[in-house]
Amino acid sequence: EPEVTQTPSHQVTQMGQEVILRCVPISNHLYFYWYRQILGQKVEFLVSFYNNEISEKSEIFDDQFSVERPDGSNFTLKIRSTKLEDSAMYFCARALGRSGANVLTFGAGSRLTVL
Amino acid sequence: DQQVKQNSPSLSVQEGRISILNCDYTNSMFDYFLWYKKYPAEGPTFLISISSIKDKNEDGRFTVFLNKSAKHLSLHIVPSQPGDSAVYFCASRDGNTGKLIFGQGTTLQVKP
């Protein structure tokens, strides 16, 4: 099954800088998600995206975060002003549907290190 | 708000024996339960799932059992192989949004 491609694989940034993480899912998939995993902790839901708009977001997903799918292909997560605690692995996921036997397929992740 | 709990952070078994990973949940509205396997520096990989209307699903060496009255599910791997060594995450799916809620993970080590 085709995979989800994420770029960059690793990004190091200074606190306060903007970061954009990219995800290239399969075009016929409608449901997209961002999750993150802080080192040693569980995988946490950030946001879900359907039909070019946010369908649900968690408490973590505050005003510093935004998502978009500008060209109908790439799905991006932007962090406007990074904080030290944003350091984590960020995973993009996609699904054909959100019910029945549809499952989320995850990308390999983008490691963000904020200094 | 721990809706999905994996109380065992680690498990070590001998190759060829059975591995049993456990998971508890609190929300009765989850419609599907899934197990994902994760290696370091990789994303979670789907392993097996079970619908909330079933009590067992089997796929090769992997079987997931669901006890709805106890709000408990388990993953059985038999026979265990060294290549099964990874972190296993239990996840419950919100039937309305498709969102997955993960447990903390259990690190499985299968010794040769």
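In this report, we go over the structure that sits alongside the text. (Residues numbered from 1 in each chain as written. Chains lettered and ligands numbered in written order. Predicted model: local features only at pLDDT ≥ 70, side-chain atom pairs only at ≥ 80, totals over all residues. Heavy atoms only, no water.)

**Some remarks on the overall build of chain B**
Part 1 of the reasoning: Looking only at helices and strands, chain B features 0 helices and 11 strands.
Part 2 of the reasoning: Ordered by position in the sequence, the α and β elements of chain B form the string β-β-β-β-β-β-β-β-β-β-β.
Part 3 of the reasoning: The globule rule puts the C-alpha radius of gyration for 112 residues at 13 Å, and the 13 Å found for chain B is close to it.
Part 4 of the reasoning: Expressed as lengths along the three principal axes of its C-alpha atoms, the size of chain B is roughly 40 × 30 × 20 Å.
Part 5 of the reasoning: Among the 112 residues that make up chain B, the fraction classed as buried is 48%.
Part 6 of the reasoning: Restricting to contacts in chain B with at least 6 residues of sequence separation, those with at least 24 account for 55%. (Helix = DSSP H or I, 4+ residues; strand = E, 2+ residues; numbered from the N terminus. Rg over C-alpha atoms; globule rule 2.2 N^0.38 Å. Buried < 20%, exposed > 50% of the residue type's maximum accessible area, 1.4 Å probe, protein only. Contact = heavy atoms within 4.5 Å.)

**What to know about the sheet that holds strand β3 (residues 19-25) of chain B**
Residues and elements named next belong to chain B.
Part 1 of the reasoning: Pairing is antiparallel across the open sheet formed by 5 strands, whose spatial order is β1-β3-β8-β7-β6. At either margin of the open sheet sits one strand with a lone partner, and together these are β1 (4-5) and β6 (56-59).
Part 2 of the reasoning: Note that β1 and β3 share 2 bridges and pair antiparallel. The residue bridging lysine 5 from the neighbouring strand is aspartate 24, located in β3. (Pairing = 2+ DSSP bridges.)

**A look at the sheet that holds strand β8 (residues 75-79) of chain A**
All names here are of chain A.
Part 1 of the reasoning: Strand order in this open sheet of 4 strands is β1-β3-β8-β7, and the pairing throughout is antiparallel. Only two strands of the sheet have a single neighbouring strand rather than two, namely β1 (5-7) and β7 (65-68). Averaged over all adjacent pairs, the angle separating strand axes in this sheet is 15°, with direction ignored.
Part 2 of the reasoning: In this structure, strand β3 (residues 19-24) lies alongside β8, joined through 5 bridges in antiparallel fashion. Looking across to β8, one finds that cysteine 23 is bridged to phenylalanine 75. (Axes fitted to C-alpha atoms, helices over the stretch in contact; angles between N-to-C directions.)

**Concerning the side chain of threonine 82 of chain A**
Part 1 of the reasoning: Position of threonine 82 of chain A among the secondary structure elements: in the loop between β8 and β9 (88-95).
Part 2 of the reasoning: Beyond its immediate stretch of four places on either side in the chain, threonine 82 of chain A contacts Thr13, Gln14, Met15, Gly16, Gln17, Val19 and Val114 of chain A.

**Looking at the interface of chain A and chain B**
Part 1 of the reasoning: Contact with chain A, which involves 18 residues of that partner, is made by 22 residues of chain B.
Part 2 of the reasoning: Note on chain A versus chain B: buried area summed over both sides is about 1700 Å², and carbon and sulfur give 56% of it.
Part 3 of the reasoning: At the surface where chain A touches chain B, the tally comes to 1 salt bridge.
Part 4 of the reasoning: Between lysine 99 of chain B and glutamate 56 of chain A there is a salt bridge whose closest N-O contact spans 2.8 Å.
Part 5 of the reasoning: Scanning the region where chain A abuts chain B turns up 3 residue pairs in polar contact (both at pLDDT 80 or more).
Part 6 of the reasoning: Those elements that provide at least two residues to the side of chain A that touches chain B are β4 (31-37) and β5 (43-50) of chain A.
Part 7 of the reasoning: For the side of chain A that touches chain B, the element with the most residues is β4 of chain A, which contributes 3 residues.
Part 8 of the reasoning: Looking at the side of chain A that touches chain B residue by residue, the classes come out as 10 nonpolar, 5 polar and 3 charged. (Buried area = accessible area lost by both parts, 1.4 Å probe. Salt bridge = Lys/Arg side-chain N within 4 Å of Asp/Glu carboxyl O. Polar contact = N/O pair within 3.5 Å; in protein donor to acceptor, adjacent residues only side chain to side chain. Nonpolar A, V, L, I, M, F, W, Y, C, P; charged D, E, K, R; others polar.)

**So, the pattern of salt bridges**
Part 1 of the reasoning: Evaluation of the coordinates by the stated rule reveals 4 salt bridges over all chains.
Part 2 of the reasoning: Glutamate 44 of chain A serves as the salt-bridge partner of arginine 36 of chain A, at 3.3 Å between the closest nitrogen and oxygen.

**Structural notes on the side chain of threonine 63 of chain B**
Residue and element names in this part refer to chain B.
Part 1 of the reasoning: Among the structural elements, threonine 63 can be located in strand β7 (residues 62-67).
Part 2 of the reasoning: With relative accessibility at 9%, the residue threonine 63 sits in the buried group.
Part 3 of the reasoning: Not counting residues up to four positions away in its chain, the partners in contact with threonine 63 are Ile48, Lys56, Asn57, Glu58, Ser74, Leu75 and His76.

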